[in-house]
Amino acid sequence: MTTIMGLDVSLVRTGVAVLSDGALIGTDVIQTDFKAARHARLGQLLRRVIVMVRQYCPHIVVMETSGAWQKLSRDSRVSVEALAEARGVVLAAIDWAMEHTCLNISVVERDCHEVRESICANRNASKQQVAENLRLRGYVLPVMRNGKVDYDVCDALACALAVWCEQRLLAMKEGEK
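An account of the accompanying structure is given in this report. (Residues numbered from 1 in each chain as written. Predicted model: local features only at pLDDT ≥ 70, side-chain atom pairs only at ≥ 80, totals over all residues. Heavy atoms only, no water.)

### Re the packing of helix H5 (residues 127–136) against helix H6 (residues 151–176)
Keep this limit in mind: Helix axes use the C-alpha atoms of the stretch in contact, all axes being lines fitted to C-alpha atoms, and the angles between their N-to-C directions lie in the range 0 to 180 degrees. Numbering goes from the N terminus for both helices and strands, where a helix is a DSSP run of H or I of at least four residues and a strand is a run of E of at least two. Each angle is binned into one of four classes, with values under 35 degrees roughly parallel, values over 145 roughly antiparallel, values of 65 to 115 roughly perpendicular, and all other values oblique. Crossings are sorted by hand: turned counterclockwise from the far helix by less than a right angle, the near helix makes the crossing left-handed, and turned clockwise it makes it right-handed. Here, residues are in contact when the closest pair of their heavy atoms is within 4.5 Å. Under this grouping Gly is polar, as are all residues other than the nonpolar Ala, Val, Leu, Ile, Met, Phe, Trp, Tyr, Cys and Pro and the charged Asp, Glu, Lys and Arg.
As a packed pair, H5 and H6 sit with axes 10 Å apart at the nearest point and diverge in direction by 60 degrees. By the angle class used here, H5 and H6 are oblique. Relative to H6, the crossing made by H5 is left-handed. For the pair H5 and H6, the contacting residues are Lys127, Gln128, Val130, Ala131 and Leu134 in the first and Tyr151, Cys154, Asp155, Leu157, Ala158 and Leu161 in the second. Looking at the contact of H5 with H6 residue by residue, the classes come out as eight nonpolar, one polar and two charged.

What follows is the structure in structure tokens.
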């Protein structure tokens, strides 16, 4: 049994989805206090990731990389720095959890276009198309309090599912040998 935790990391709102042998066993959102200082928000993210890793004991954690949007984006330097810091904190949290438990976690990163190609067979699929493909595969789409689809959690689920599919293909190829 392989447990994979997908993360769509952000300092504001990090989507989390956990698969166990392809079945969705948990979703969550780590939302930091927007009014708090950045160091406090990073601490909130760190602590929540540690709790979630200890709760689900994943074998693999998948993080979506920021990808080419950073090069093309008009986002401020502050936004790019906040994302980089959030990703660093998530990696530190995973490292801490491994050091203080008997977990051995592989951390992998996937570009959003690779994930979309894997899930939708379209590198440029929209968030809505990713969500629809997840629904067609039998996953119940996560919904926010306002009733709208939670695309942060969908992105995390897509990351986890893409790696789970990769693992399955590798296992099938190994079985053929």
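### Let's talk about the environment of aspartate 150
Mapped onto the elements, aspartate 150 comes out in the loop between H5 and H6. With 121 residues separating them in the primary sequence, aspartate 150 and valine 29 have C-alpha atoms 9.2 Å apart. Beyond its immediate chain neighbours, meaning those up to four positions away, aspartate 150 contacts Arg13, Val29, Pro142, Val143 and Met144.

### Some words on H5
Selection rule: Each residue's exposure class comes from its accessible area (1.4 Å probe, protein chains only) as a fraction of the maximum for that residue type: buried when under 20%, exposed when over 50%, partly exposed otherwise. Of all possible arcs, the one meant is that of the directions from the helix axis to the C-beta atoms.
Looking only at H5, the buried set comprises Val130, Ala131 and Leu134. Seen along its axis, H5 keeps its buried residues to an arc of 100 degrees; they face one direction. Buried residues in H5 make contact with helix H4 (112–120) and H6. A positive phi of about 100 degrees marks glycine 138, the residue just after H5.

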